[in-house]
Amino acid sequence: MFNLRKLLLSFKFAFEGIVHSIKTEQNIRFHLLATMVVMIAGLLTGLDKGEWIIIFILIGGMLSLELINTAIERVVDLVSPGWQPLAKQAKDAAAGAVLVFATISAIIGILIFLPKWF
Ligand SMILES: Nc1ncnc2c1ncn2[C@@H]1O[C@H](COP(=O)(O)OP(=O)(O)OP(=O)(O)O)[C@@H](O)[C@H]1O
């Protein structure tokens, strides 16, 4: 009923997916750098518990969305190695989802940090 080996293997595969995405996707490395900058800024600025929770939700959402974007890119390349309008639409929509979340995250970050600095 509960297979520990299978559970551990699924963690291993998920970890491999994260490592592969970091190695191959420049955008994910940029977001990891941004994550570190925000964490350091948060520690130096002094955020309350609610603000940290919001920041962690945004960081988790952002990185998860980047991983899903990588997955979509890989599946599109798999099923459509040649140029296809639908492949472009799929990849651009996935990239658009990342951009929407990144923009909203940046706005929320500004709303949290700016009043504390000025
Ligand atoms: N198979 C395809 N058919 C049509 N358009 C594509 C295809 N692959 C990528 N594109 C489009 O080409 C443009 C440039 O893509 P880009 O150089 O970012 O490559 P990518 O495959 O989307 O991303 P990555 O380089 O991270 O794999 C984007 O608009 C993308 O949607």
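This structure is a prediction, so every number in the text was calculated from the model and none was measured.

## Here's the deal with the environment of methionine 62
Here methionine 62 is to be found in helix 3 (residues 49–79). Distance in space between the C-alpha atoms of methionine 62 and alanine 97 is 9.9 Å, their sequence separation being 35 residues. Setting aside chain neighbours within four positions, we find methionine 62 in contact with His31, Phe101, Ala102 and Ser105.

## Comments concerning the site of the ligand
Residues in contact with the ligand, as listed here, are Glu25, Glu73, Ser80, Trp83, Gln84, Ala87, Lys88, Lys91 and Asp92. Broken down by element, the residue count for the shell around the ligand peaks at four residues, all from helix 4 (residues 85–117). Taken together, the residues that form the shell around the ligand break down as two nonpolar, two polar and five charged.

## Section: the confidence of the model for the protein
When pLDDT is averaged along the protein, the result is 97, and 100% of the positions lie at 70 or above. Confidence metrics for the complex model read pTM 0.92 and ipTM 0.90.

## Quick word on the environment of alanine 34
The residue alanine 34 is located in helix 2 (residues 26–45) in this model. A sequence separation of 25 residues divides alanine 34 from isoleucine 59, and the C-alpha atoms of the two residues are 9.2 Å apart.

## Examining the UniProt feature "transmembrane region" (unreviewed entry) in the protein
The UniProt feature table records "transmembrane region" (unreviewed entry) at residues 30–47, 53–72 and 93–114. Structurally, residues 93–114 comprises 100% helix and 0% strand, and the distance from its first C-alpha atom to its last is 31 Å.

## A short note on the packing of helix 3 against helix 4
In contact at an axis separation of 10 Å, helix 3 and helix 4 are set at 170° when each is read in the N-to-C sense. Our classification of the angle between helix 3 and helix 4 gives roughly antiparallel. Each of Glu51, Ile54, Leu58, Gly61, Met62, Leu65, Glu66, Asn69, Ile72, Glu73 and Val76 in helix 3 lies in contact with helix 4, whose residues at this interface are Ala87, Ala90, Lys91, Ala94, Ala95, Ala97, Val98, Phe101, Ala102, Ser105, Ile108 and Ile112. Residues that form the contact of helix 3 with helix 4 fall into these classes: 16 nonpolar, three polar and four charged.

## Let's talk about the environment of leucine 99
Positionally, leucine 99 belongs in helix 4. Taking the number of C-beta atoms within 10 Å as the measure of exposure, leucine 99 has 13 and is therefore partly exposed.

## Re the packing of helix 2 against helix 3
The interhelical angle for the contact between helix 2 and helix 3, taken along N-to-C directions, is 170°, at an axis separation of 10 Å. As the angle between them shows, helix 2 and helix 3 are arranged roughly antiparallel. Contact residues: Asn27, Ile28, His31, Thr35, Val38 and Gly42 in helix 2; Trp52, Ile55, Ile59, Met62, Leu63 and Glu66 in helix 3. Within the contact of helix 2 with helix 3, the residues separate by chemical class into seven nonpolar, four polar and one charged.

What counts, and at which threshold
- Residues numbered from 1 in each chain as written.
- Predicted model: local features only at pLDDT ≥ 70, side-chain atom pairs only at ≥ 80, totals over all residues.
- Helix = DSSP H or I, 4+ residues; strand = E, 2+ residues; numbered from the N terminus.
- Contact = placed C-beta atoms within 7 Å.
- Near = placed C-beta within 6 Å.
- Nonpolar A, V, L, I, M, F, W, Y, C, P; charged D, E, K, R; others polar.
- pLDDT = per-residue confidence, 0-100.
- UniProt positions renumbered as here; feature names shortened; annotations may be inferred.
- Axes fitted to C-alpha atoms, helices over the stretch in contact; angles between N-to-C directions.
- Parallel < 35°, antiparallel > 145°, perpendicular 65-115°, else oblique.
- Buried ≥ 20, exposed ≤ 12 C-beta atoms within 10 Å, placed from the backbone.

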